[in-house]
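So the chains spell out like this:
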Amino acid sequence: MISVTEYKPQEEVLEFLEKCQSVYIIGCGSCTTITHTGGKAEVLKMKESLAETGKEITGWMVIPTACDELAKDALKEAGDEIQSADCLLIMTCAFGVQNIAMFTGKPVFPALNTIFIGKEQTTPGLFSEVCRQCGDCVLAWTGGICPVVSCSKGLLNGPCGGTDEGKCEVDSDKDCAWTMIYNRLKDQGRLDLFDKEQPPKHYQSGTRPGKITIQ
Ligand code: SF4
Ligand code: SF4
């Protein structure tokens, strides 16, 4: 399970950095290395392209895991180079960006958009969203397949009527989530669940910011 990210358009990144003459670049050795959006190769490429625009790069690093507490120690090691930069360009997931902002106190700018929590499929490099952390899980009634993220319309009581030979009417390259749910429940002899009407989603359970105290 990883945080899936993609590059922000370069113009957007350059706009962020407009007032920064010197920049320190930070990638992550975990998720963004796997997705090739913030590993060593991508950080070095970013360094090169920013240098071409006239920016001074005071340094760079790839933190082993930017979203954990140990990131603080890694950042300390590069303290001078980080502090001498006007700002930090971060090539990690949004969690990492927030961590680095908190640990360094420097202006931080994300080079990436965090798009979802995903799972790698059997095709290498293909990731698909598995959960939107909606706070009101319905997997018990859907054979363990999430309709919130797998159905293009997020239907809780599907299918929509447009499914065609098991494919989705919105995206014919993907399997219809509700056909998959039907087949899974049928295989398990639990098709009675297919008739269970799901009430409207209780989105209040997923209000943001999420907060919990573990006792
Ligand atoms: S129903 Fe909600 S919590 Fe359950 S898998 Fe789907 S998005 Fe995640
Ligand atoms: S075809 Fe299936 S997956 Fe696509 S929107 Fe309709 S119910 Fe959802």
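Residues numbered from 1 in each chain as written. Chains lettered and ligands numbered in written order. Predicted model: local features only at pLDDT ≥ 70, side-chain atom pairs only at ≥ 80, totals over all residues.

A short note on the sheet that holds strand β6 (residues 112–120)
And then number 1: As summarised here, the arrangement of the three strands in space is β1-β6-β7, forming an open sheet in which the pairing is antiparallel. Two strands in the sheet have a free side with no partner beyond their single neighbour: β1 (2–7) and β7 (127–131). Each strand of the sheet is rotated relative to its neighbour by a mean of 65°, with strand direction disregarded.
And then number 2: For β6 and β7, the ladder comprises four bridges, and the chain directions are antiparallel. Residue Lys119 lies in a different strand from β7, and its bridge partner there is Ser128. (Pairing = 2+ DSSP bridges. Helix = DSSP H or I, 4+ residues; strand = E, 2+ residues; numbered from the N terminus. Axes fitted to C-alpha atoms, helices over the stretch in contact; angles between N-to-C directions.)

A short note on helix α8 (residues 177–187)
And then number 1: Where α8 is concerned, the buried positions are Ala177, Trp178, Ile181 and Tyr182. All buried residues of α8 lie within an arc of 140° about the axis, which places them on one face of the element. Within α8, the exposed residues directed more than 90 degrees away from the buried face are Lys186 and Asp187.
And then number 2: Of the surrounding secondary structure, the elements contacted by the buried residues of α8 are α7 (147–150).
And then number 3: Downstream of α8 by a residue or two, Gly189 has a phi angle that is positive, lying close to 65°. (Buried ≥ 20, exposed ≤ 12 C-beta atoms within 10 Å, placed from the backbone. Arc of directions from axis to C-beta. Contact = placed C-beta atoms within 7 Å.)

So, the domain arrangement of the protein chain
And then number 1: Split into domains, the protein chain comes out as domain 1 (2–115) and domain 2 (132–206).
And then number 2: In this structure, domain 1 and domain 2 have C-alpha centres spaced 38 Å apart. (Domains from an automatic or database assignment.)

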